[in-house]
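Each chain, written out:
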Amino acid sequence: MQVSQPTAAGPSVCQASIIIVSFNTREILRECLDSVVRAAANLSVEIWVVDNHSDDGSPEMVEQDFPQVRLVRSDVNLGFGAANNLALNQASGQYFVLLNSDAFFQPGSLELAIKHMDETPECGLGGGLLLGRDGSWQPSSRSFHSILRDAIVMTGLAGKFPKSRLFGHFDRTWADIHEAAQADWVPGAFSIMRPSALARTGLFDPAFFLYYEEVDLCRRLKQAGYKIWYWPDVVVVHIGGESSRQLKKLEVSSKAAQVVLWRMRSTLLYYRKHHGQQVYFAKWLEILLYRVTVLRNLSSSDPLRQQRKQHYKTLIALMGQAWKDTRGGRFSPPAPW
């Protein structure tokens, strides 16, 4: 691991340490950093970029175009949580701000996030309103996973009845997105954290290479007595999936299948860690639903339905692979996954 220090020393009091993890996202990372520089114009901040062993010139771009940034070069792709930990262990800000490389602050959002944290001392971690480039809403505050909630999402009931408090519980689609609220967890595309809270709970669990790392951290924060807040006036534009789309060397036949395998591994690790024996229900819930879809398309000669059948057979195989890789959620394979 190599750390590049900025060319000039910053002010003595740092209001926020802004941390961005990047993997082969050079051009979108440039846009992200431009938004950070604009957002921090009236603030005292330090900016960190942790490069997850990119080969697209991302770290060289940061060094050349953003000399004020502290650049950490990882020798391997550590995934999201462990890469953030590299910077979190060195950051000195009054707050820690995590931002995806494909996310961009809207005017005033960073200042508002800091203001909210100042005014809400019981908050360990906060999030904002995530929007796509086209202004479309993205899930921004969520409830913890459970077998029932996962089943509702996977069966499509959550999408069919979004305004129902029961069926829309996981993504809180029943709630007014313009009202601040406490939540169980917020997506990792943007979050602001209280360092003293992390000192009590620990940083991201490196067992989660990708997916569930922020869920796990928020659960530990809430168990320690802190609150998780969602603030809709803190607006962040998030594209989503840039690093996943840049993957070149895959262990399975498609990029999508690789990402699904990562998600399944993390699902099993999370359920084993926080719900014990319910990990078996998590596994068989997915397999059962996939098998039902296979059976529904088994006898059809329609090419599209045959393709659908094969797709879900692949998902069954991937869950079996994830179970084997993680030894039933007891073991995290070495990074990079």
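Quick caveat: nothing in here was measured; it's all calculated off a predicted structure.

Attention shifts here to the overall build of the protein chain. Of the regular secondary structure elements, the protein chain holds twelve helices and ten strands. Whereas a compact globule of 337 residues would reach a radius of gyration of roughly 20 Å, the protein chain reaches 20 Å, a difference of no more than 12%. Reported as C-alpha extents along the three principal axes, the dimensions of the protein chain are approximately 70 × 40 × 40 Å. Within the protein chain, buried positions represent 53% of all 337 residues. In the protein chain, once contacts between residues fewer than 6 apart in sequence are set aside, the share between residues at least 24 apart is 77%. With the model as given, the accessible surface of the protein chain reaches about 15,400 Å², and the carbon-plus-sulfur share is 54%.

Below, the discussion takes up helix H5 (residues 147–154). Among the residues of H5, Asp150, Ala151 and Ile152 are the ones counted as buried. Taken together, the buried residues of H5 touch helix H6 (157–160), helix H10 (255–275) and helix H11 (279–296). One or two steps after H5, the chain reaches Gly156, where phi turns positive at roughly 90°.

Before going further, it helps to spend a moment on the packing of H10 against helix H12 (residues 303–326). Relative orientation and spacing of two packed helices are given, respectively, by the angle between their axes and the distance between those axes. Interhelical geometry of H10 versus H12 gives an angle of 50° and a closest axis separation of 9 Å. By the angle between their axes, H10 is oblique relative to H12. Considering how the two elements wind past one another, H10 and H12 form a crossing that is right-handed. Within the contact between the two elements, H10 uses Ala257, Val260, Leu261, Met264, Arg265, Leu268, Leu269 and Arg272 and H12 uses Leu315, Leu318, Met319, Gln321, Ala322, Trp323, Asp325 and Thr326. For the contact of H10 with H12, the class distribution of residues is eleven nonpolar, two polar and three charged.

A few words now on the packing of H10 against H11. Two elements in contact, H10 and H11, have axes whose closest approach is 7 Å; the angle formed by their N-to-C orientations is 145°. Across from Arg263, Met264, Thr267, Leu268, Tyr271 and Arg272 in H10, the residues of H11 making contact are Val279, Tyr280, Ala282, Lys283, Glu286 and Tyr290.

The rules behind these values
Residues numbered from 1 in each chain as written. Predicted model: local features only at pLDDT ≥ 70, side-chain atom pairs only at ≥ 80, totals over all residues. Heavy atoms only, no water. Helix = DSSP H or I, 4+ residues; strand = E, 2+ residues; numbered from the N terminus. Rg over C-alpha atoms; globule rule 2.2 N^0.38 Å. Buried < 20%, exposed > 50% of the residue type's maximum accessible area, 1.4 Å probe, protein only. Contact = heavy atoms within 4.5 Å. Areas by Shrake-Rupley, 256 points an atom, 1.4 Å probe, with all protein chains shown as cover. Axes fitted to C-alpha atoms, helices over the stretch in contact; angles between N-to-C directions. Parallel < 35°, antiparallel > 145°, perpendicular 65-115°, else oblique. Left-handed = near helix turned anticlockwise from the far one by under 90°. Nonpolar A, V, L, I, M, F, W, Y, C, P; charged D, E, K, R; others polar.

Any functional reading would require information beyond the geometric quantities listed.
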